[in-house]
Amino acid sequence: MSEQERRTEPYEIPEEMKSQVAVTTLDKIYNWGRSNSVWPMMFGLACCAIEMIATAASRYDFSRFGMEVMRPSPRQADVMIVSGTVTKKMIPTIVRLYNQMPEPKYVIAMGACACGGGPFKEGYTVVSGVDRFIPVDVYIVGCPPTPQSLLNGLITLQKKMEQESIATSRWYSKAPSQPIPIPVLGPDLMDPRKFDLIRQQSAAKKAAQTADGEVENE
Amino acid sequence: MNGKGILSGLLITLRHFVDTYLEDLKVGRKRYGTAEGIEMRRSSDTRGIFTIQYPEEKLPVPEEFRFVPFLVYDVKEDGEKAVRCTSCGICAKVCPPQCIWIERSVDAATGKPIPTPAEFFIDVDVCMNCGMCAEFCPFDAIRMDHDYEMASYDRHKHHILNKERLLKPASYYAEIRPTSYRREEAEKAAKEAAKAAARPPAGTAA
Amino acid sequence: MSDLQTQTLVPQLDTIFPDWVRPDDRAGYQGYIVETEHLLAVAKALRDTYGYDLLSSVTGVDYLPEGKLEVVYHVFRTTGGPIFVYKVQVPRDNPVVPSLVPLYPGAELQEREAYDLLGIRFEGHPDLRRILTWEGFAGHPLRKDWHEPYFEEEAKPYKSRWPEGQVRRAEDLNPFADNVDYPAGFDPESLVPDADDTLYKTLFRVQQAQHPEIKTDAIVVNLGPQHPSTHGVFRMVALLEGEKILDLKPVMGYLHRNHEKIAERNTFLQNMPFTDRLDYIASMSNNFAYALAVEKLMGVQPPERAEYIRVIMAELTRIVSHFIAVGFLLNDLGAFFTPSLYGIKERELIVDIFEMVSGSRMMCNYFRFGGLARDMSPEAVQKTKELVNDRLPRKIDEFDRYLTENEIVRQRCEGVGVLTPEDAIALSATGPVLRASGVPYDVRRAEPYSIYDRFDFDVAYGLHGDIYDRYLVRMEEMRQSVRILKQALRDLPEGPIMTGKPAYQVRVPAGESYGRVEGPKGELGFYLVSNGKPNPWRYHVRAPTFINLTSLAPMSRGGKVADVVAILGSIDIVLGEVDR
């Protein structure tokens, strides 16, 4: 069985539980408890962070949804709201923080910059969307999305959480989850999953340059 | 007395706390869930907490509010859509992050361009909601929408809006931006009247 | 010439130093060009004899067609008056300039930025490392011949958008599906990344100097970039001895969004929404400074009503920014979120006005060259009047009663993070940081722009230079802003809001200009070089918080870790501006 299949293998319900409780009701109660106490990680990068703080403040209070406990430590957080432009210098930190969050964990990409690079996409130090490196659950567009838009996105996340089932969820599979490899800052940002591709493309570039050089010399 | 500063601060917090419930008692049920309640909580003499209970009550956005753009079409007498856009390309040129792609229609027979877009794409992952496309459109064809509830699960499917998803009727535009709609209709009517006055009356030899 | 005369007249540098200085006679340019070898002598004379004690901005420009790199210096006198400009020109293939850090320590971070983005080496700089990108980054991005991986054309609008609009995401064209590019023949596995070794080595230099005969070890602690109190993605590396800080190095660039490179591709009008995202809490103020800089080049003046509305928006922005600054300072001191909540509550009411007028709460994009984008409706004016005449004075007083006499605030803020006036001027601090140290310099008074000379207001300043004084200066500035607002709303005339017709193609003649305003955080300046084309040749932002951060290290040395957090809160940084 491949790693991926092993990760999404359904959880085996133990014998003694099979007769006692129907799993769907367990799902409902479990999801109700989880979706009404999602603790966001205090992770504001840029302008969208100010809208996130405005959502946490008294006019659009998101503690009405159970999310008031904003923890700066990733070990105590459930959802990482990536709010703001993701730059190459910051992405190793973001990936490290994502790896440190305990499961079940979710990611919301808030704002155009976190979804797909945003207005700064053409820049040389901007990553074209945080989903290049970490899996994203909900995307919220806007520049910046208004607090009501963010609340709508959080409710969408709650709806997604309510549809999950313990039996098929990837958090409860038997194999341990693999952390995402941390990108390295070299002459440009390097994703360790693409090292082969990088080597190949650089060699092709060098070959093209020497071929040009030979053509010029002739 | 040492500690007076802290105590007076705590009294202010207590006052804020008590004010909320006093306000609720004074105003009664219509403080929450009604439009006038929201306006009361939004005015400058609001007292106490002014939380908007989203999603049960939504704070109405002002007319100028800009989110993602949309294309306006008029409905002709026979029920057909008349897209106002002539694919002049000014919005694509003015857009600061260049998130608008327009494909101009070409007449298949003559090869000449037709003033209507064959396709129109906006990448909302790049759009910065600045409103410059709407500001400089000479045909009142692209305007900024008010709909901000656009969260999605998959950006590759949903975040490049094509012409079909962007087209919305002029009645919707009149609903969300009544002052601008009235002003533009008045300008159009004035232009039509000026043209009619300049034209020679029907029946005289040209 | 008497001392007073030398201190007030603008010196004719080419007559004083005839062999070393010549006037800059390019069309539309001002200032003087100094010979590179004699830069330090001329700068010292300007500072000591002629009283130009504050170095406002150091920036580099790449003139590729002439094969030259130019470093432009803007200095001013803290007693008031206009900016004085002088430049140095060096060849592009070997750009070496003497560093001004021995004379003006505030040039430190700005020279590092010119080295990072343009490749100019500054001789005599104590710590020349990359600042906004990372060690090992390939190339100097702001050079004209350096192309970013998603490069399409030299200037917008791009031809691929219309009329053959074949939509595609930019990453689909790149084989790595992201905007990355590597040098030819590069092997990723053979790379040994720097991993901050260069940074840590600069710290230990301080430590070795103190006890060269004993081998001691001091702890290095990283605060940030993910930290609840760093106001964004900002990192400080502190060298500790117990709780006491021996040395501190700020590390930035975690939000470097290439604003200046993107601005060189944009047309002048397309840059306006990008300026909103610099100091994202006070976006109207950024728009104001940029509009002033371009209007100086174009030579247009906005009409009366537009000027009054501009002042109203700028002062409302100042109040918003100070509410948030004080709220977050109290957050850092430990009052978990309640003062911020009260500040944000008032901010919401002001931001409602911004939304009514410009369409967006934060990214207003409201100013245009020659006026404003839209007019203020009568109900917006009415709402502002209610807010300013009734609610804001009451709430500012309540905020004051709530926090100023609080014993915890006084004990933690008085005497902490002291910055003497001489240090503040030498370190190029501006804004509340400078004024709290006893130097009452405010651009609205020193070189009045727009219609500020018509309003009656006081400049707030403090005498001790500690955190408490900076807090008091901000509270007093809020009150003065309300005073200006009352006068502006009372005198607001009717009339047009735009000189000339609104156009998206703006003709900007060739030349350079430096437009500056008193932003809530300090002096915000835009240095623009235009060569007559629709897009700027060089666009530089003189960011006040970036330069105020040079004073972070001197203020924190000898203090405790808990104080550093409070000092950073009192400098009030915004990462969008620091990293651009």
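Residues numbered from 1 in each chain as written. Chains lettered and ligands numbered in written order. Predicted model: local features only at pLDDT ≥ 70, side-chain atom pairs only at ≥ 80, totals over all residues. Heavy atoms only, no water.

### Structural notes on the overall build of chain A
Point 1. From N to C terminus, chain A includes eight helices and six strands.
Point 2. Each helix and strand of chain A, placed in order from N terminus to C terminus, yields the pattern α-α-α-β-α-β-α-β-α-β-α-β-β-α.
Point 3. Burial statistics for chain A: of 218 residues in total, 56% are counted as buried.
Point 4. For chain A, the share of sequence-separated contacts (at least 6 apart) that also reach a separation of at least 24 residues comes to 78%.
Point 5. When the accessible surface of chain A is summed, it comes to about 9000 Å², and 54% of that surface belongs to carbon and sulfur atoms. (Helix = DSSP H or I, 4+ residues; strand = E, 2+ residues; numbered from the N terminus. Buried < 20%, exposed > 50% of the residue type's maximum accessible area, 1.4 Å probe, protein only. Contact = heavy atoms within 4.5 Å. Areas by Shrake-Rupley, 256 points an atom, 1.4 Å probe, with all protein chains shown as cover.)

### Details of the state of the cysteines
Point 1. Scanning all chains against the criterion turns up zero disulfides over all chains.
Point 2. Counting only cysteine sulfurs, cysteine 48 of chain A is the nearest neighbor of cysteine 115 of chain A, a cysteine outside any disulfide, at a range of 8.9 Å.
Point 3. This cysteine, cysteine 88 of chain B, is not joined by any disulfide, and cysteine 137 of chain B carries the nearest cysteine sulfur, 6.0 Å off. (Disulfide = S-S within 2.5 Å.)

### Points about the domain arrangement of chain B
Interface extent is often summarised as the accessible area lost during association of the parts.
Point 1. With domains assigned, chain B is organised as domain 1 (10–60) and domain 2 (68–179).
Point 2. Here the C-alpha centroids of domain 1 of chain B and domain 2 of chain B sit 39 Å apart. (Domains from an automatic or database assignment.)

### Some remarks on the side chain of lysine 383 of chain C
Point 1. Secondary-structure assignment places lysine 383 of chain C in helix α11 (residues 378–403).
Point 2. Among buried charged residues, lysine 383 of chain C stands out as having no salt bridge; its nearest opposite-charge side chain is aspartate 352 of chain C, 4.4 Å away. (Lys, Arg positive; Asp, Glu negative; His and termini not counted. Salt bridge = Lys/Arg side-chain N within 4 Å of Asp/Glu carboxyl O.)

### Comments concerning helix α4 (residues 108–118) of chain C
All names here are of chain C.
Point 1. Most of α4 sits out of view: 10 of its 11 residues are buried.
Point 2. Among all positions in α4, only Leu109, Gln110, Glu111, Arg112, Glu113, Ala114, Tyr115, Asp116, Leu117 and Leu118 are buried.
Point 3. Those residues of α4 hidden inside the fold are in contact with β3 (54–63), β4 (68–76), β7 (121–123), α6 (259–265), β15 (538–542) and α17 (544–548).
Point 4. Where α4 ends, the next residue or the one after it, glycine 119, has phi of about 85 degrees, a positive value.

### Brief notes about the sheet that holds strand β10 (residues 244–251) of chain C
Where strands meet in a sheet, backbone hydrogen bonds hold them as pairs that are either parallel or antiparallel.
Residue and element names in this part refer to chain C.
Point 1. The sheet built from three strands is open, its strands ordered β8-β9-β10 with antiparallel pairing. Here the strands that pair on one side only, and so sit at the sheet edges, are β8 (219–223) and β10. For this sheet the average axis-to-axis angle between neighbouring strands, irrespective of direction, equals 20 degrees.
Point 2. Two elements, β8 and strand β9 (residues 235–241), share five bridges in a ladder whose sense is antiparallel. Note that in β9 the partner of isoleucine 219 across the bridge is leucine 240. (Pairing = 2+ DSSP bridges. Axes fitted to C-alpha atoms, helices over the stretch in contact; angles between N-to-C directions.)

### Digging into the packing of helix α8 (residues 283–298) of chain C against helix α9 (residues 304–333) of chain C
Residues and elements named next belong to chain C.
Point 1. Put simply, α8 and α9 touch, their axes get as near as 8 Å, and they point 140 degrees apart. The angle between α8 and α9 places the two elements in the oblique class. Read as a crossing pair, α8 and α9 show a hand that is left-handed. On α9, the residues that touch Ser283, Met284, Ser285, Phe288, Ala291 and Glu295 of α8 are Arg310, Met313, Ala314 and Thr317.
Point 2. The residue inventory of the contact of α8 with α9, partitioned by class, reads five nonpolar, three polar and two charged. (Parallel < 35°, antiparallel > 145°, perpendicular 65-115°, else oblique. Left-handed = near helix turned anticlockwise from the far one by under 90°. Nonpolar A, V, L, I, M, F, W, Y, C, P; charged D, E, K, R; others polar.)

### Some points on a nonpolar patch on the surface
Point 1. Taken together, Leu11, Leu14, Phe17, Val18, Tyr21, Leu22 and Leu25 of chain B make up a surface patch of nonpolar side chains, about 760 Å² in accessible area.
Point 2. As for its position among the elements, tyrosine 21 of chain B is in helix α1 (residues 4–27). (Patch = residues over 30% accessible without salt bridge, like charges linked within 9 Å, V, L, I, M, F, W, Y side chains within 5 Å.)

### Considerations on the environment of tyrosine 54 of chain B
Point 1. When you line up the elements, tyrosine 54 of chain B lands in the loop between α2 (35–42) and β1 (69–75).
Point 2. Distance from tyrosine 54 of chain B to glycine 33 of chain B, taken between C-alpha atoms, is 10.0 Å for residues 21 residues apart in sequence.
Point 3. The residues touching tyrosine 54 of chain B, leaving out its near neighbours within four places in the chain, are Arg64, Phe65, Gln148, Leu151, Asn152 and Ile155 of chain A together with Tyr148 and Glu149 of chain B.

### Notes on the UniProt feature "domain: NADH:ubiquinone oxidoreductase-like 20kDa subunit" (unreviewed entry) in chain A
Point 1. Mapped onto this structure's residue numbering, the UniProt feature "domain: NADH:ubiquinone oxidoreductase-like 20kDa subunit" (unreviewed entry) falls at residues 47–156 of chain A.
Point 2. Secondary structure across residues 47–156 of chain A comprises 32% helix and 12% strand; the distance between its end C-alpha atoms is 22 Å. (UniProt positions renumbered as here; feature names shortened; annotations may be inferred.)

### Some thoughts on the packing of helix α10 (residues 338–358) of chain C against α11 of chain C
All names here are of chain C.
Point 1. Remark: α10 packs on α11, axes separated minimally by 11 Å, with the N-to-C direction vectors making an angle of 170 degrees. On the basis of their axis angle, the class for α10 and α11 is roughly antiparallel. Contacts between α10 and α11 involve Thr338, Pro339, Tyr342, Gly343, Lys345, Glu346, Leu349, Ile350, Asp352, Ile353, Met356 and Val357 from the first element and Glu379, Ala380, Lys383, Thr384, Leu387, Arg391, Leu392, Lys395, Phe399, Tyr402 and Leu403 from the second.
Point 2. In terms of residue class, the contact of α10 with α11 is built from 13 nonpolar, three polar and seven charged.

### Focus on the interface of chain C and chain B
Point 1. Each side of the interface is counted separately: chain C has 53 residues, and chain B has 52 residues.
Point 2. A buried area of about 4600 Å², summed over both sides, lies between chain C and chain B, and 54% of it is on carbon and sulfur atoms.
Point 3. If you sort the residues of chain C by the area they bury against chain B, Arg161, Trp162 and Arg169 of chain C come out on top, with a joint share of 18%.
Point 4. Joining chain C to chain B, the criterion identifies four salt bridges.
Point 5. As a salt-bridge pair, glutamate 64 of chain B and arginine 374 of chain C come within 3.2 Å of each other at their nearest N and O atoms.
Point 6. Put simply, chain C and chain B have 23 residue pairs in polar contact (both at pLDDT 80 or more) between them.
Point 7. Counting residues per element, the ones that place at least two in the side of chain C that touches chain B are α7 (271–276), α10, α11 and α12 (407–413) of chain C.
Point 8. The residue makeup of the side of chain C that touches chain B, split by class, is 21 nonpolar, 10 polar and 22 charged. (Buried area = accessible area lost by both parts, 1.4 Å probe. Polar contact = N/O pair within 3.5 Å; in protein donor to acceptor, adjacent residues only side chain to side chain.)

### Overview of the interface of chain A and chain C
Point 1. The interface of chain A with chain C comprises 58 residues on the first partner and 67 residues on the second.
Point 2. In total, about 5700 Å² of surface goes out of reach between chain A and chain C, with carbon and sulfur atoms giving 63% of it.
Point 3. When the buried surface of chain A facing chain C is broken down by residue, Lys89, Glu122 and Tyr124 of chain A rank first, second and third, together holding 16% of it.
Point 4. Run the count over chain A and chain C and you get five salt bridges.
Point 5. Across the pair glutamate 51 of chain A and arginine 361 of chain C runs a salt bridge, and its minimum N-O distance is 3.1 Å.
Point 6. Linking chain A with chain C are 24 residue pairs in polar contact (both at pLDDT 80 or more).
Point 7. Only α4 (47–56), α5 (91–100), β5 (184–185), β6 (189–190) and α8 (195–217) of chain A provide two or more residues apiece to the side of chain A that touches chain C.
Point 8. The greatest single-element share of the side of chain A that touches chain C, amounting to 10 residues, is contributed by α8 of chain A.

### Observations regarding the pairing of strand β3 (residues 106–110) of chain A
Residues and elements named next belong to chain A.
Point 1. Where burial is concerned, most of β3 is hidden: five out of the five residues are buried.
Point 2. Alternating positions in β3 separate into two faces, Tyr106, Ile108 and Met110 on one and Val107 and Ala109 on the other, with burial throughout.
Point 3. One ladder, built from five bridges, connects strand β2 (residues 79–83) with β3; its direction is parallel. Bridge pairing in β3 links serine 83 to methionine 110.
Point 4. Taking the sense of rotation as the criterion, the β-α-β connection linking β2, α5 and β3 turns out right-handed. (Right-handed = clockwise from strand over helix to strand, strands pointing away.)

### Re the nonpolar core
A general tendency of soluble globular proteins is for nonpolar side chains to be buried together.
Point 1. In terms of nonpolar packing, the biggest core is built from 292 residues, with Ile100 of chain B together with Tyr73 of chain C touching the most fellow members.
Point 2. Summarising the domain contributions, this core has at least three residues from each of domain 1 (10–60) and domain 2 (68–179) of chain B.
Point 3. Residue contacts for tyrosine 73 of chain C: discarding those within four places in its chain leaves Leu39, Leu55, Ser57, Val58, Phe84, Val85, Tyr86, Val88, Val97, Pro98, Leu100 and Phe122 of chain C.
Point 4. The next biggest cluster of nonpolar side chains, apart from the first, holds five residues, and it includes Val72, Ala170, Tyr173 and Ile176 of chain B. (Core = buried A, V, L, I, M, F, W, Y, C linked by side-chain atoms within 4.5 Å.)

### A word on the pattern of salt bridges
Residues and elements named next belong to chain C.
Point 1. Counting across every chain of the model gives 72 salt bridges over all chains.
Point 2. Note that aspartate 24 is salt-bridged to arginine 26, the shortest N-O span being 3.0 Å.
Point 3. The residue glutamate 512 makes a salt bridge to lysine 87 at a minimum N-O spacing of 3.0 Å. Linking glutamate 512 in strand β13 (residues 511–519) with lysine 87 in strand β5 (residues 84–91), this pair joins segments that are 425 residues apart in sequence. One exposure class covers both glutamate 512 and lysine 87, and it is buried.
Point 4. Salt bridges sharing common partners tie together Glu315, Arg318, Arg435, Asp442, Arg444, Glu477 and Glu518.

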